[in-house]
Amino acid sequence: MQPLPLGRTGLNISPIVFGGNVFGWTVDETTSHRLLSQMLEAGLTTIDTADAYSRWVDGHSGGESETVIGNWLAANPGMRDRITLITKVGSDMGAGRTLKAAYIEQAVERSLSRLKTDYIDCYLAHWPDPDTAHAETLEAFDRLKQAGKIRAYGCSNFDRPMMEAATSAAQKLNVTPYQVLQPEYNLYDRGTFEGPLAEYCSANEIGVITYFSLASGFLTGKYGNAAETEKTARAHRLGKYFDARGQRLLSTLADIAAETGRPQAELALAWLRARPGVTAPIASATSARQLHSLIAAATLTLSDDARTRLTEAGEA
(Lines give C-alpha, C1' and ligand atoms only; values in the text may rest on other atoms or scores of the structure.)
Protein backbone atom coordinates (compact mmCIF):
# COMPACT_ATOMS: atom_id res chain seq x y z
CA MET A 1 0.00 0.00 0.00
CA GLN A 2 1.67 3.19 -1.21
CA PRO A 3 2.02 5.93 1.45
CA LEU A 4 0.97 9.46 0.52
CA PRO A 5 2.79 12.72 1.31
CA LEU A 6 0.76 14.84 3.73
CA GLY A 7 1.05 18.24 2.10
CA ARG A 8 4.38 19.88 2.89
CA THR A 9 4.67 18.38 6.38
CA GLY A 10 7.31 15.81 5.50
CA LEU A 11 4.99 13.13 6.88
CA ASN A 12 3.52 10.21 4.96
CA ILE A 13 0.06 8.81 5.59
CA SER A 14 -1.89 5.78 4.39
CA PRO A 15 -4.59 6.13 1.66
CA ILE A 16 -7.24 5.54 4.33
CA VAL A 17 -6.75 7.06 7.79
CA PHE A 18 -8.08 4.84 10.58
CA GLY A 19 -10.52 6.83 12.72
CA GLY A 20 -10.05 6.38 16.45
CA ASN A 21 -13.25 8.10 17.58
CA VAL A 22 -14.88 4.70 18.20
CA PHE A 23 -12.17 3.43 20.58
CA GLY A 24 -13.55 3.24 24.10
CA TRP A 25 -16.99 4.23 22.79
CA THR A 26 -18.65 1.74 20.42
CA VAL A 27 -15.60 -0.57 20.51
CA ASP A 28 -14.12 -1.89 23.75
CA GLU A 29 -10.39 -1.80 24.43
CA THR A 30 -9.68 -5.45 23.61
CA THR A 31 -11.40 -5.21 20.23
CA SER A 32 -9.77 -1.83 19.55
CA HIS A 33 -6.32 -3.30 20.11
CA ARG A 34 -7.07 -6.21 17.80
CA LEU A 35 -8.29 -3.86 15.07
CA LEU A 36 -5.25 -1.61 15.46
CA SER A 37 -2.87 -4.54 15.05
CA GLN A 38 -4.80 -5.86 12.04
CA MET A 39 -4.85 -2.37 10.54
CA LEU A 40 -1.11 -2.03 10.73
CA GLU A 41 -0.46 -5.54 9.46
CA ALA A 42 -2.58 -4.74 6.38
CA GLY A 43 -0.66 -1.55 5.62
CA LEU A 44 -2.86 1.18 7.08
CA THR A 45 -0.35 3.20 9.06
CA THR A 46 -2.21 6.35 10.09
CA ILE A 47 -4.49 6.83 13.12
CA ASP A 48 -6.66 9.88 13.80
CA THR A 49 -7.94 10.72 17.27
CA ALA A 50 -8.57 13.73 19.55
CA ASP A 51 -8.37 14.57 23.21
CA ALA A 52 -12.16 15.03 23.32
CA TYR A 53 -12.99 11.49 22.10
CA SER A 54 -15.37 10.33 23.55
CA ARG A 55 -16.53 13.05 25.92
CA TRP A 56 -20.07 12.97 24.51
CA VAL A 57 -20.75 9.56 26.08
CA ASP A 58 -22.40 9.50 29.51
CA GLY A 59 -19.76 8.84 32.13
CA HIS A 60 -16.86 9.79 29.86
CA SER A 61 -14.68 12.84 30.34
CA GLY A 62 -12.61 12.77 27.14
CA GLY A 63 -9.28 11.10 26.48
CA GLU A 64 -10.76 7.61 26.24
CA SER A 65 -9.65 7.07 22.65
CA GLU A 66 -6.12 8.37 23.26
CA THR A 67 -5.85 6.10 26.31
CA VAL A 68 -6.84 3.02 24.29
CA ILE A 69 -4.27 3.85 21.62
CA GLY A 70 -1.61 4.53 24.24
CA ASN A 71 -2.23 1.21 25.94
CA TRP A 72 -1.92 -0.53 22.56
CA LEU A 73 1.41 1.20 21.91
CA ALA A 74 2.68 0.28 25.38
CA ALA A 75 1.71 -3.36 24.84
CA ASN A 76 3.41 -3.48 21.43
CA PRO A 77 6.94 -2.08 21.60
CA GLY A 78 8.15 -1.02 18.18
CA MET A 79 4.72 -0.06 16.82
CA ARG A 80 5.19 3.67 17.43
CA ASP A 81 7.79 4.11 14.70
CA ARG A 82 5.52 2.37 12.20
CA ILE A 83 2.51 4.67 12.55
CA THR A 84 1.62 8.29 11.84
CA LEU A 85 -0.40 9.55 14.79
CA ILE A 86 -2.79 12.49 14.50
CA THR A 87 -4.60 14.03 17.45
CA LYS A 88 -6.38 17.29 18.13
CA VAL A 89 -6.75 20.04 20.73
CA GLY A 90 -9.27 22.78 21.34
CA SER A 91 -12.58 20.95 21.74
CA ASP A 92 -14.63 21.51 24.87
CA MET A 93 -13.07 19.46 27.66
CA GLY A 94 -15.15 21.15 30.32
CA ALA A 95 -14.22 24.80 29.95
CA GLY A 96 -15.38 25.50 26.39
CA ARG A 97 -13.48 25.50 23.13
CA THR A 98 -10.16 27.31 23.28
CA LEU A 99 -6.88 27.58 21.37
CA LYS A 100 -5.06 29.78 23.86
CA ALA A 101 -1.36 29.08 24.15
CA ALA A 102 -1.37 28.19 27.85
CA TYR A 103 -4.18 25.69 27.29
CA ILE A 104 -2.47 24.05 24.29
CA GLU A 105 0.77 23.66 26.23
CA GLN A 106 -1.07 21.87 29.04
CA ALA A 107 -3.30 19.82 26.74
CA VAL A 108 -0.42 18.43 24.70
CA GLU A 109 1.19 17.03 27.84
CA ARG A 110 -2.05 15.29 28.76
CA SER A 111 -2.36 13.83 25.25
CA LEU A 112 1.26 12.65 25.24
CA SER A 113 0.70 10.98 28.61
CA ARG A 114 -2.48 9.20 27.49
CA LEU A 115 -0.90 8.16 24.19
CA LYS A 116 2.25 6.95 25.99
CA THR A 117 4.50 8.56 23.42
CA ASP A 118 7.14 11.28 23.33
CA TYR A 119 5.78 12.98 20.21
CA ILE A 120 2.68 13.51 18.11
CA ASP A 121 3.16 13.35 14.36
CA CYS A 122 0.43 15.85 13.50
CA TYR A 123 -1.36 18.07 16.02
CA LEU A 124 -4.52 19.84 14.89
CA ALA A 125 -6.53 22.76 16.19
CA HIS A 126 -9.89 21.00 16.42
CA TRP A 127 -12.19 24.03 16.10
CA PRO A 128 -11.71 27.73 15.37
CA ASP A 129 -11.47 29.96 18.43
CA PRO A 130 -12.69 33.49 17.62
CA ASP A 131 -11.50 34.70 21.03
CA THR A 132 -7.83 33.83 20.44
CA ALA A 133 -5.59 35.45 17.82
CA HIS A 134 -4.17 33.12 15.18
CA ALA A 135 -0.72 34.37 16.12
CA GLU A 136 -1.02 33.13 19.71
CA THR A 137 -2.08 29.65 18.63
CA LEU A 138 0.54 29.38 15.88
CA GLU A 139 3.32 30.48 18.22
CA ALA A 140 2.26 27.77 20.68
CA PHE A 141 2.29 25.11 17.96
CA ASP A 142 5.68 26.32 16.72
CA ARG A 143 7.16 26.07 20.23
CA LEU A 144 5.89 22.51 20.53
CA LYS A 145 7.42 21.65 17.17
CA GLN A 146 10.76 23.20 18.10
CA ALA A 147 10.69 21.20 21.34
CA GLY A 148 10.13 17.95 19.40
CA LYS A 149 6.74 17.27 20.98
CA ILE A 150 4.95 17.51 17.63
CA ARG A 151 6.28 17.06 14.11
CA ALA A 152 3.66 19.03 12.19
CA TYR A 153 0.49 20.98 12.88
CA GLY A 154 -2.71 21.98 11.18
CA CYS A 155 -6.36 22.72 11.80
CA SER A 156 -9.86 21.32 11.47
CA ASN A 157 -13.14 23.01 10.56
CA PHE A 158 -11.49 26.20 9.25
CA ASP A 159 -12.97 27.94 6.19
CA ARG A 160 -10.93 29.72 3.54
CA PRO A 161 -10.95 33.20 5.18
CA MET A 162 -9.73 31.61 8.43
CA MET A 163 -6.99 29.75 6.57
CA GLU A 164 -5.90 32.92 4.81
CA ALA A 165 -5.87 34.91 8.05
CA ALA A 166 -3.85 32.21 9.81
CA THR A 167 -1.35 32.06 6.95
CA SER A 168 -0.93 35.82 7.06
CA ALA A 169 -0.30 35.66 10.82
CA ALA A 170 2.25 32.87 10.36
CA GLN A 171 4.13 34.85 7.72
CA LYS A 172 4.36 37.89 10.01
CA LEU A 173 5.68 35.66 12.81
CA ASN A 174 8.02 33.79 10.45
CA VAL A 175 6.62 30.44 11.59
CA THR A 176 5.20 27.56 9.57
CA PRO A 177 1.55 28.10 8.59
CA TYR A 178 -1.06 25.38 8.94
CA GLN A 179 -0.06 22.58 6.57
CA VAL A 180 -2.97 20.21 7.17
CA LEU A 181 -6.73 20.73 7.12
CA GLN A 182 -9.37 18.30 8.37
CA PRO A 183 -12.77 19.28 6.91
CA GLU A 184 -16.13 17.53 6.99
CA TYR A 185 -16.50 16.16 3.47
CA ASN A 186 -18.29 13.26 1.83
CA LEU A 187 -20.57 12.52 -1.11
CA TYR A 188 -23.45 14.33 0.61
CA ASP A 189 -21.71 17.06 2.66
CA ARG A 190 -19.80 18.96 -0.01
CA GLY A 191 -20.49 22.66 0.32
CA THR A 192 -18.02 23.52 3.08
CA PHE A 193 -14.96 22.12 1.29
CA GLU A 194 -15.58 22.18 -2.46
CA GLY A 195 -14.84 25.43 -4.24
CA PRO A 196 -12.71 28.19 -2.67
CA LEU A 197 -11.41 26.14 0.27
CA ALA A 198 -10.40 23.15 -1.85
CA GLU A 199 -8.75 25.49 -4.35
CA TYR A 200 -6.80 27.21 -1.58
CA CYS A 201 -5.56 23.91 -0.18
CA SER A 202 -4.46 22.67 -3.60
CA ALA A 203 -2.70 25.93 -4.46
CA ASN A 204 -0.81 25.94 -1.14
CA GLU A 205 -0.03 22.21 -0.97
CA ILE A 206 -2.04 21.76 2.22
CA GLY A 207 -2.73 18.16 3.15
CA VAL A 208 -6.45 17.39 3.43
CA ILE A 209 -7.83 14.56 5.57
CA THR A 210 -11.62 14.36 5.47
CA TYR A 211 -13.82 13.41 8.42
CA PHE A 212 -17.37 12.01 8.43
CA SER A 213 -16.21 10.46 5.17
CA LEU A 214 -19.12 7.98 5.19
CA ALA A 215 -21.64 10.52 6.52
CA SER A 216 -21.81 8.78 9.92
CA GLY A 217 -22.54 5.46 8.21
CA PHE A 218 -25.35 6.72 5.97
CA LEU A 219 -23.38 6.08 2.76
CA THR A 220 -22.80 2.43 3.65
CA GLY A 221 -26.47 1.75 2.86
CA LYS A 222 -27.07 0.01 6.18
CA TYR A 223 -30.04 2.26 6.99
CA GLY A 224 -33.11 2.16 4.78
CA ASN A 225 -34.85 5.12 6.39
CA ALA A 226 -34.52 7.59 9.26
CA ALA A 227 -36.57 5.42 11.62
CA GLU A 228 -33.93 2.68 11.44
CA THR A 229 -31.32 5.07 12.87
CA GLU A 230 -33.24 6.09 15.98
CA LYS A 231 -31.50 3.69 18.35
CA THR A 232 -28.00 4.15 16.93
CA ALA A 233 -25.18 6.11 18.55
CA ARG A 234 -25.28 8.61 15.67
CA ALA A 235 -29.05 9.07 15.35
CA HIS A 236 -28.80 12.83 15.94
CA ARG A 237 -26.62 13.20 12.84
CA LEU A 238 -28.19 10.73 10.44
CA GLY A 239 -31.70 12.15 10.11
CA LYS A 240 -30.72 15.00 7.77
CA TYR A 241 -29.49 12.62 5.08
CA PHE A 242 -32.84 11.02 4.31
CA ASP A 243 -34.00 13.63 1.83
CA ALA A 244 -34.39 13.33 -1.94
CA ARG A 245 -30.68 13.90 -2.58
CA GLY A 246 -29.67 11.35 0.03
CA GLN A 247 -32.00 8.76 -1.44
CA ARG A 248 -30.62 9.52 -4.90
CA LEU A 249 -27.11 8.94 -3.62
CA LEU A 250 -28.03 5.64 -1.99
CA SER A 251 -29.72 4.47 -5.17
CA THR A 252 -26.67 5.35 -7.27
CA LEU A 253 -24.31 3.70 -4.82
CA ALA A 254 -26.47 0.57 -4.80
CA ASP A 255 -26.49 0.45 -8.59
CA ILE A 256 -22.71 0.76 -8.85
CA ALA A 257 -22.23 -1.75 -6.04
CA ALA A 258 -24.34 -4.26 -8.00
CA GLU A 259 -22.33 -3.60 -11.16
CA THR A 260 -18.91 -3.85 -9.53
CA GLY A 261 -19.45 -6.25 -6.67
CA ARG A 262 -17.93 -3.73 -4.26
CA PRO A 263 -19.67 -2.55 -1.06
CA GLN A 264 -21.11 0.95 -0.99
CA ALA A 265 -18.69 2.09 1.73
CA GLU A 266 -15.72 1.22 -0.46
CA LEU A 267 -17.20 3.11 -3.39
CA ALA A 268 -17.87 6.22 -1.27
CA LEU A 269 -14.30 6.19 0.10
CA ALA A 270 -12.78 5.60 -3.34
CA TRP A 271 -14.75 8.59 -4.65
CA LEU A 272 -13.27 10.75 -1.87
CA ARG A 273 -9.73 9.53 -2.51
CA ALA A 274 -10.05 10.68 -6.12
CA ARG A 275 -11.38 14.16 -5.33
CA PRO A 276 -9.23 17.20 -6.15
CA GLY A 277 -7.26 18.37 -3.15
CA VAL A 278 -8.04 15.38 -0.92
CA THR A 279 -5.07 13.49 0.50
CA ALA A 280 -6.99 10.74 2.31
CA PRO A 281 -10.33 10.15 4.02
CA ILE A 282 -10.78 9.09 7.65
CA ALA A 283 -12.98 6.08 8.28
CA SER A 284 -13.66 4.01 11.38
CA ALA A 285 -14.23 0.28 11.83
CA THR A 286 -15.85 -1.59 14.69
CA SER A 287 -15.31 -5.12 13.36
CA ALA A 288 -12.87 -7.15 11.29
CA ARG A 289 -15.37 -7.11 8.42
CA GLN A 290 -15.53 -3.32 8.39
CA LEU A 291 -11.76 -3.08 8.66
CA HIS A 292 -11.37 -5.40 5.66
CA SER A 293 -13.59 -3.00 3.70
CA LEU A 294 -11.39 -0.03 4.64
CA ILE A 295 -8.31 -1.93 3.53
CA ALA A 296 -9.95 -2.75 0.20
CA ALA A 297 -11.04 0.87 -0.29
CA ALA A 298 -7.43 2.03 0.06
CA THR A 299 -6.56 0.56 -3.32
CA LEU A 300 -9.90 0.75 -5.17
CA THR A 301 -10.02 2.92 -8.29
CA LEU A 302 -13.41 3.87 -9.68
CA SER A 303 -14.12 4.08 -13.38
CA ASP A 304 -14.65 7.54 -14.86
CA ASP A 305 -18.31 6.66 -15.36
CA ALA A 306 -18.80 5.62 -11.73
CA ARG A 307 -17.08 8.77 -10.42
CA THR A 308 -19.24 10.98 -12.63
CA ARG A 309 -22.48 9.27 -11.64
CA LEU A 310 -21.67 9.58 -7.94
CA THR A 311 -20.58 13.19 -8.27
CA GLU A 312 -23.80 14.12 -10.07
CA ALA A 313 -26.00 12.17 -7.65
CA GLY A 314 -24.58 14.11 -4.70
CA GLU A 315 -24.96 17.56 -6.19
CA ALA A 316 -27.44 19.83 -4.43
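Quick caveat: nothing in here was measured; it's all calculated off a predicted structure.

Student: Explain the overall build of the protein chain to me, using residue names and the numbers behind them.
Tutor: Tallying secondary structure elements over the protein chain gives eleven helices and ten strands in all. For 316 residues, the compact-globule formula gives about 20 Å, and the C-alpha radius of gyration of the protein chain, at 19 Å, lands near that figure. With the principal axes as the frame, the protein chain shows a C-alpha extent of 50 × 45 × 35 Å. Across the 316 residues that make up the protein chain, the buried fraction comes to 54%.

Student: Residue-level account of the layout of surface pockets, with values.
Tutor: Remark: the empty space left among the atoms is shown by a probe the size of a water molecule rolled over them. Volume-wise, the second largest pocket comes out at about 190 Å³. The wall of the second largest pocket is formed by 14 residues, among which Asn-157, Phe-158, Glu-184, Thr-192 and Leu-197 lie closest to the centre. Listing elements by their share of the lining of the second largest pocket, those giving two or more residues are helix H5 (160-173) and helix H6 (196-203). Split by residue class, the lining of the second largest pocket holds six nonpolar, three polar and five charged.

Student: So what's going on with the pairing of strand S9 (residues 207-210)? Which residues, and what values?
Tutor: Going residue by residue along S9, you find Gly-207 and Ile-209 tucked away on one face and Val-208 and Thr-210 tucked away on the opposite face as well. Where strand S8 (residues 180-182) lies against S9, two bridges are found, and the strand directions are parallel. Across the sheet, Leu-181 pairs through a bridge with Val-208, a residue of S9. The β-α-β motif built from S8, the intervening H6 and the parallel element S9 has right-handed crossover chirality. Here two bridges tie S9 to strand S10 (residues 280-283), and the two strands are oriented parallel to one another.

Student: Explain the pattern of salt bridges residue by residue, including any values.
Tutor: Applying the stated criterion across every chain yields a total of 14 salt bridges. Among the ionic pairs, Glu-259 bridges to Arg-309, the shortest N-O distance being 3.0 Å. With Glu-259 in helix H8 (residues 244-260) and Arg-309 in helix H11 (residues 304-313), this residue pair connects regions lying 50 residues apart in the sequence. Among the ionic pairs, Asp-304 bridges to Arg-307, the shortest N-O distance being 2.3 Å. Separated by three residues within a single helix, Asp-304 and Arg-307 lie in helix H11, roughly one turn from each other. Overlapping salt bridges, with partners in common, bring together Arg-80, Asp-121 and Arg-151 in one network.

Student: Please provide a residue-by-residue account of helix H1 (residues 29-42), values included.
Tutor: For H1, which comprises 14 residues, the first-to-last C-alpha distance of 20 Å matches the rise-based estimate of 20 Å (1.5 Å per residue) to within 8%. Along H1, the positions that sit buried rather than exposed are Thr-31, Ser-32, His-33, Leu-35, Leu-36, Met-39 and Leu-40. Next to the buried residues of H1 lie strand S3 (17-19), strand S4 (46-48), helix H2 (64-75) and helix H10 (288-297). Phi turns positive, to about 110°, at Gly-43, one or two residues after H1.

Student: How would you sum up the state of the cysteines? Please name residues and give values.
Tutor: All told, the structure shown has zero disulfides when counted by the stated rule. Note on Cys-122: no disulfide assigned, nearest cysteine sulfur contributed by Cys-155 at a separation of 9.7 Å. Between Cys-155, a cysteine without a disulfide, and Cys-201, which holds the nearest cysteine sulfur, the sulfur-to-sulfur distance is 8.0 Å. Overall, Cys-155 belongs to the buried group, its relative accessible area being 0%.

Student: So what about the side chain of Asn-186? Which residues, and what values?
Tutor: Its location among the elements puts Asn-186 in the loop between S8 and H6. Reaching out from Asn-186, the side chain makes a polar contact with the backbone nitrogen of Tyr-188 at a distance of 2.8 Å. A polar contact of 2.6 Å, which involves the side chain of Asn-186, links it to the backbone nitrogen of Asp-189.

Student: Run through the packing of aromatic side chains, naming residues and quoting values.
Tutor: Summed over the entire model, instances satisfying the criterion amount to 14 aromatic pairs. Residues Phe-158 and Tyr-178 carry aromatic rings whose centres are separated by 5.6 Å and whose planes lie at 85° to one another, so their mutual orientation is edge-to-face. Within this pair, whereas Phe-158 is found in the loop between strand S7 (150-156) and H5, its partner Tyr-178 is found in the loop between H5 and S8, the two being separated by 20 residues in sequence. With respect to class, Phe-158 is no different from Tyr-178; both count as buried. Ring pairing ties together the aromatic residues Tyr-123, Phe-141, Tyr-153, Phe-158 and Tyr-178, which thus form one cluster. Directly above the ring of Tyr-119 sits Arg-80, whose terminal nitrogen or CZ lies 4.0 Å from the centroid. Seen from the ring of Tyr-119, Arg-151 lies directly overhead, with NZ or CZ sitting 4.0 Å from the centre.

What counts, and where the lines are drawn
Within any chain, residue numbers begin from 1 and follow the written order of that chain's sequence. Restriction of local features to residues with pLDDT of at least 70 applies here, the model being predicted, together with a cutoff of 80 or more for giving and counting side-chain atom pairs; totals for whole chains, interfaces and linings are based on all residues. For side-chain calculations, the full set of non-hydrogen atoms in the structure is used, while hydrogens and water are omitted. We count a stretch as a helix when DSSP gives it H or I for four or more residues in a row; a strand needs E for two or more, and each element gets its number in order from the N terminus. Each radius of gyration reported is based on C-alpha atoms, and the globular scaling rule is 2.2 Å times the count of residues to the power 0.38. Three labels apply to residues, based on accessible area from a 1.4 Å probe with only protein chains included: buried if under 20% of the type maximum, exposed if over 50%, partly exposed otherwise in between. Only protein atoms enter the 1 Å grid used here. Points where a 1.4 Å probe fits but cannot escape make up a cavity, open sets with protein on both sides within 12 Å along at least five of seven lines make up a pocket, and a residue lines them when an atom lies within 4 Å of a point. Grid points are joined across faces, edges and corners, and a volume is the space filled by probe spheres set on the points. Any residue outside Ala, Val, Leu, Ile, Met, Phe, Trp, Tyr, Cys, Pro, Asp, Glu, Lys and Arg is labelled polar, Gly included; the first ten of those are nonpolar and the last four are charged. DSSP-based pairing: two strands are paired if at least 2 bridges between them are found. The path from the first strand over the helix to the second decides the hand: if it runs clockwise while the strands point away from the viewer, the crossover is right-handed. One speaks of a salt bridge when a side-chain nitrogen belonging to Lys or Arg is within 4 Å of a carboxyl oxygen belonging to Asp or Glu. To estimate how far a helix should extend, the number of its residues minus one is multiplied by 1.5 Å. Any two residues whose heavy atoms approach within 4.5 Å are treated as being in contact. Disulfide assignment relies on a single distance test, namely cysteine sulfur atoms paired within 2.5 Å. Under this definition, polar contacts are N or O atom pairs within 3.5 Å; protein pairs additionally need one hydrogen-donor-capable and one acceptor-capable atom, and for neighbouring residues in sequence, both atoms have to be side-chain atoms. Working definition: rings of Phe, Tyr and Trp (its six-membered ring) pair if their centres are within 6.5 Å, and the pair is stacked with planes under 30 degrees apart, edge-to-face with planes over 60 apart, and tilted otherwise. Each ring is checked for a lysine NZ or an arginine CZ that lies within 6 Å of its centre and within 35 degrees of its normal; such an atom marks a charge sitting over the ring.

The values are spatial; any link to function lies outside them.
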